[in-house]
Amino acid sequence: MTTAVLIGVVVVALAAAAAAFAVGWRRSARSDWRLNLDAETRAADTPVRASLPDADPELEPEPAPIVEQAASVAVEVVTVQSTVEVSREEAGITRRRFFNRAMGATFGVFLAGLGLDMLAFAWPRVSGGFGSDVNAGSVQDLLAQAINADGSVTPVFIPSARAYLVPRPAVLSVQFEGKNVDAGGVMALYQRCVHLGCRVPWCQPSQGFECPCHGSKYNGAGEYFAGPAPRNLDRFVVKLTANDELVISTGSIIQTPRALQPSVKYPQGPSCIGGSR
Ligand code: FES
């Protein structure tokens, strides 16, 4: 047992000695690398090494190779970020702002349309159109136009008053008394049929107003004769100016019931729409 231990100790000691020898030999080989150079190389190397007195031979850098390099231009790219103040108009509008503006514009258009409608409704009252007093001109001239040479009648239509001007019958029904529906021998009849509102044309042969919509008929004084109309044609209050001009008050509409005793004869000829009554 003791022998084996001694042999082990000797082996370990020999191994340690061998390792120490190897390390020492390697270091000595490095320090003496010049010995492997030929004489010319060592001579060329000596002056350079002489200028580096403290240089460590092991750490001495290899001389940099001389390489011809093409001339290059250094380009530096610089990114510049900056903050620029812009107005809301320049920055654009958000979706919410867009919808707000759209709603505002729609409401504005609605108000503008409403205002225009109200203005259009009131405008005739201040401009002399329908709904206000309409000057139809000289009453004598109107009568001359309305009464033909043969005694027949051709009403004068006044578009701005929407009225037919007809001569006042020699004897007017009592239902019109005191209602100012004639002036200077002229009456102004509303063109609108009192049944459902159609414009009632004049029928020259029959000398009456005949509605083509449902067949209502009125004589030359606008008095009911036949059809579904519930009353006479409506008419306007009229008056004369100091110059004998007829003024039609289209804002004052007079309604009268069917005349029991017509003021003028009807029909005086063939009907324009047919039918006897
Ligand atoms: Fe004139 Fe009906 S609208 S008869």
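Calculation notes
- Residues numbered from 1 in each chain as written.
- Predicted model: local features only at pLDDT ≥ 70, side-chain atom pairs only at ≥ 80, totals over all residues.
- Heavy atoms only, no water.
- Helix = DSSP H or I, 4+ residues; strand = E, 2+ residues; numbered from the N terminus.
- Buried < 20%, exposed > 50% of the residue type's maximum accessible area, 1.4 Å probe, protein only.
- Areas by Shrake-Rupley, 256 points an atom, 1.4 Å probe, with all protein chains shown as cover.
- Salt bridge = Lys/Arg side-chain N within 4 Å of Asp/Glu carboxyl O.
- Phe/Tyr/Trp six-rings, centres within 6.5 Å; stacked < 30°, edge-to-face > 60°.
- Lys NZ or Arg CZ within 6 Å of the ring centre and 35° of its normal.
- Disulfide = S-S within 2.5 Å.
- Pairing = 2+ DSSP bridges.
- pLDDT = per-residue confidence, 0-100.
- Contact = heavy atoms within 4.5 Å.

1. Quick notes on the overall build of the chain
Moving on, step 1. In terms of helices and strands, the chain carries 5 helices and 11 strands.
Moving on, step 2. Taking all 277 residues of the chain together, the buried fraction comes to 28%.
Moving on, step 3. A total of about 19,000 Å² of accessible surface is found on the chain, and carbon and sulfur atoms cover 60% of it.

2. Things to note about the pattern of salt bridges
Moving on, step 1. Throughout the structure, instances matching the rule amount to 3 salt bridges.
Moving on, step 2. The shortest N-O distance in the salt bridge between Lys-239 and Asp-133 comes to 3.5 Å. With Lys-239 in strand E10 (residues 235-240) and Asp-133 in strand E1 (residues 133-138), this pair connects stretches of sequence that are 106 residues apart.
Moving on, step 3. Owing to a relative accessible area of 40%, Lys-239 belongs among the partly exposed residues under this scheme.

3. A short note on the packing of aromatic side chains
Moving on, step 1. Counting across every chain of the model gives 7 aromatic pairs.
Moving on, step 2. With 5.1 Å between their ring centres and 50° between their planes, Phe-157 and Tyr-164 make a pair best called tilted.
Moving on, step 3. With centroids separated by 5.1 Å and ring planes inclined at 45°, the aromatic side chains of Tyr-190 and Phe-236 adopt a geometry described as tilted. Residue Tyr-190 is located in strand E5 (residues 186-190), and its partner Phe-236 is located in strand E10; the two are separated by 46 residues in the primary sequence. With respect to class, Tyr-190 is no different from Phe-236; both count as buried.
Moving on, step 4. Over the ring of Phe-157 we find Arg-199; its NZ or CZ atom is 4.2 Å from the centre of that ring.

4. Overview of the state of the cysteines
Moving on, step 1. Counted by the stated rule, this structure contains 2 disulfides.
Moving on, step 2. Across the chain, the disulfide pattern expressed with sequentially numbered bonded cysteines is 1-3, 2-4.

5. Looking at unusual backbone geometry
Moving on, step 1. That bond from Tyr-266 to Pro-267 is cis: its omega, -10°, falls within 30 degrees of zero.
Moving on, step 2. Mapped onto the secondary structure, Pro-267 falls in the segment after strand E11 (245-254).
Moving on, step 3. Non-glycine residue Asp-244 carries a positive phi angle of around 60°.
Moving on, step 4. Assignment of secondary structure puts Asp-244 in the loop between E10 and E11.

6. Describing the sheet that holds strand E7 (residues 208-210)
Moving on, step 1. The strand order across the open sheet formed by 4 strands is E6-E7-E8-E9, and the pairing between neighbours is antiparallel. For this open sheet the edge positions go to strand E6 (202-203) and strand E9 (224-226), each flanked by a neighbour on one side alone.
Moving on, step 2. The pairing of E6 with E7 spans 2 bridges and is antiparallel. Its bridge partner lying in E7, Cys-203 is registered against Gly-208.

7. Focus: the pairing of E10
Moving on, step 1. By the bridge criterion, 6 bridges tie E10 to E11 in an arrangement that is antiparallel. If you follow Val-237 over to E11, its bridge partner there is Ser-249.
Moving on, step 2. Linking E10 to E11, which pair antiparallel, is a turn of 4 residues; within it Asp-244 sits at a positive phi near 60°.

8. A few points about the confidence of the model for the chain
Moving on, step 1. Chain-level statistics for the chain give a pLDDT mean of 79 and a share of 61% at 70 or above.
Moving on, step 2. Scored below 50 in pLDDT, residues 49-53 makes 4 contacts in the model with residues more than four places away or belonging to other chains.

9. A word on the pairing of strand E3 (residues 163-167)
Moving on, step 1. Burial analysis of E3 places 5 of its 5 residues in the buried class, which makes it a mostly covered element.
Moving on, step 2. On E3, burial covers both faces: Ala-163, Leu-165 and Pro-167 on one face and Tyr-164 and Val-166 on the other are all buried.
Moving on, step 3. Taken together, strand E2 (residues 156-158) and the strand that follows it, E3, pair antiparallel across an intervening segment of 4 residues, in which Arg-162 is found at a positive phi of about 55°.
Moving on, step 4. Bridge analysis of E3 against E5 gives 5 bridges, and the strand direction is antiparallel.

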